[in-house]
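In case you want the letters, here they are:
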Amino acid sequence: MKSPPPTGVTPMMDPEHLGFLIDRHSAALVLFARQWCAAPEDVVQEAFIKLVRQNPQPRQPVAWLYTTVRNGAISQGRSERRRQTYENRAAERAPAWFAPPDDAGTLDAEAAALALAELPIEQREVIVAHLWGDLTFEQIAAMSGGSAATIWRRYTAGLNAMREKLRAPCPNAPTK
Amino acid sequence: MSERSDEMNQAAEVAPFADALRTLVPAGTAISRDRLLFEAGRAAAAPRFGWLWPCGTLLFAAISLALAGWAVFEERPAQTVVVERERVVEVRVPAPVEAPAPSPNLTEVKFEGAQASRETVQMYQVRRDMFRWGVALLPPTKPMEKARAVRDATGDLERWLEVPAGTLTAPYAKPSPLFPMMNGDD
């Protein structure tokens, strides 16, 4: 039986759990933070350190991490004060968003990154948080504001736009 | 109902594409796992309000500097030098009106009783006249000198004649009155 922590001592996150979160979500969090700022690693690292210092620990640490990373990335993106539009910056960095796929039958990583970078930020954050962060639409709605239905509409609209750009075949489309 | 069916159709349409996208792996990050764990552990061990003392010190230092600046550069009024000068102030106070001292009634001499002699009455009369008319009114002393000369001559004569002193007596030299009216010899 696990003994409770002594009085006055902050209950710390288990280092093994923290290591698991880093291994499992750091890459996706970096991709998520990259949507707003040019130095996403710093934002993600700061978010993990903030997570450790939370007392009490959040019930949903992954959703908490995405919310913290989103706020930090937006703040850092504002402080960068670049003259270029964000879409141009995202397009320039897009090829580095995904690792080269091992399977040749999958989507082209560079093309997918470019298509994703051309989407509005509202659709991009929903797609990244849902596909690579495994956040539910309710969690994304709580993070970015709005309802789950609105988030879902943004998600489907973004995916349709990407599919059109990538010209991926619709599986339900009638074949001629 | 039709709206919900449209949404269901859209979900079904994008699901295969979403699964294909999910196969893409985000690019590796430059985050060092070990270093992040170390930083997280150090942050967890750090006191939660470690910033309190530095911020408090900074705050009070700023207040002290502000007060020192205020004390040094405060605009003070010109220092007033007080010089004491003694000045005599004449205050004219009207003299209290006093009743004049009653002048001695020199013209009237009162005698108590009827035993005053004639010489005393005359003496007082002479004094009254002297106060009224001045010292020039006093009788000359010449008759007295004449009487003394006569007395001396009588003494000499008695010595020449070898008779006892006092044998030859000079008559009383009565002074001649300047103002006979004073004596009532009108």
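Here we summarise the structure given alongside this text. (Residues numbered from 1 in each chain as written. Chains lettered and ligands numbered in written order. Predicted model: local features only at pLDDT ≥ 70, side-chain atom pairs only at ≥ 80, totals over all residues. Heavy atoms only, no water.)

**As for the overall build of chain B**
At step 1: On a plain count of helices and strands, chain B comes out with 5 helices and 0 strands.
At step 2: The order of α-helices and β-strands along chain B, N terminus first, is α-α-α-α-α.
At step 3: Going through the 186 residues of chain B one by one, you find that 10% of them count as buried.
At step 4: Nonlocal contacts in chain B, meaning residues at least 24 apart in sequence, comprise 37% of its contacts between residues at least 6 apart.
At step 5: Roughly 16,400 Å² of accessible area belongs to chain B as shown, and the carbon and sulfur atoms make up 61% of that amount. (Helix = DSSP H or I, 4+ residues; strand = E, 2+ residues; numbered from the N terminus. Buried < 20%, exposed > 50% of the residue type's maximum accessible area, 1.4 Å probe, protein only. Contact = heavy atoms within 4.5 Å. Areas by Shrake-Rupley, 256 points an atom, 1.4 Å probe, with all protein chains shown as cover.)

**A few points about the side chain of A:S26**
At step 1: With respect to the helices and strands, A:S26 occurs in helix α1 (residues 15–33).
At step 2: With a relative accessible area of 10%, A:S26 lands in the buried category.

**What about the packing of helix α2 (residues 40–52) of chain A against helix α3 (residues 61–80) of chain A?**
Residues and elements named next belong to chain A.
At step 1: The contact between α2 and α3 brings their axes to 9 Å, and the two run at 135°. Accordingly, the angle class assigned to the pair α2 and α3 is oblique. α2 and α3 meet at a crossing whose hand is right-handed. Facing V43, V44, A47, F48, K50 and L51 of α2, the residues of α3 in contact are P61, W64, L65, T68, V69, G72, A73 and Q76.
At step 2: Across the contact of α2 with α3, the residue classes break down as 10 nonpolar, 3 polar and 1 charged. (Axes fitted to C-alpha atoms, helices over the stretch in contact; angles between N-to-C directions. Parallel < 35°, antiparallel > 145°, perpendicular 65-115°, else oblique. Left-handed = near helix turned anticlockwise from the far one by under 90°. Nonpolar A, V, L, I, M, F, W, Y, C, P; charged D, E, K, R; others polar.)

**Describing a nonpolar patch on the surface**
Residues and elements named next belong to chain B.
At step 1: On the surface, L59, F60, I63, L67 and W70 cluster together into a nonpolar patch covering about 580 Å² of accessible area.
At step 2: When you line up the elements, L67 lands in helix α3 (residues 52–72).
At step 3: For L67, a relative accessible area of 51% translates into the label exposed. (Patch = residues over 30% accessible without salt bridge, like charges linked within 9 Å, V, L, I, M, F, W, Y side chains within 5 Å. Salt bridge = Lys/Arg side-chain N within 4 Å of Asp/Glu carboxyl O.)

**A word on the side chain of A:Q35**
At step 1: For A:Q35, the location among the structural elements is in the loop between α1 and α2.
At step 2: Of the polar contacts made by the side chain of A:Q35, one reaches the backbone oxygen of A:L31; its length is 2.9 Å. (Polar contact = N/O pair within 3.5 Å; in protein donor to acceptor, adjacent residues only side chain to side chain.)

These figures capture arrangement, not role.
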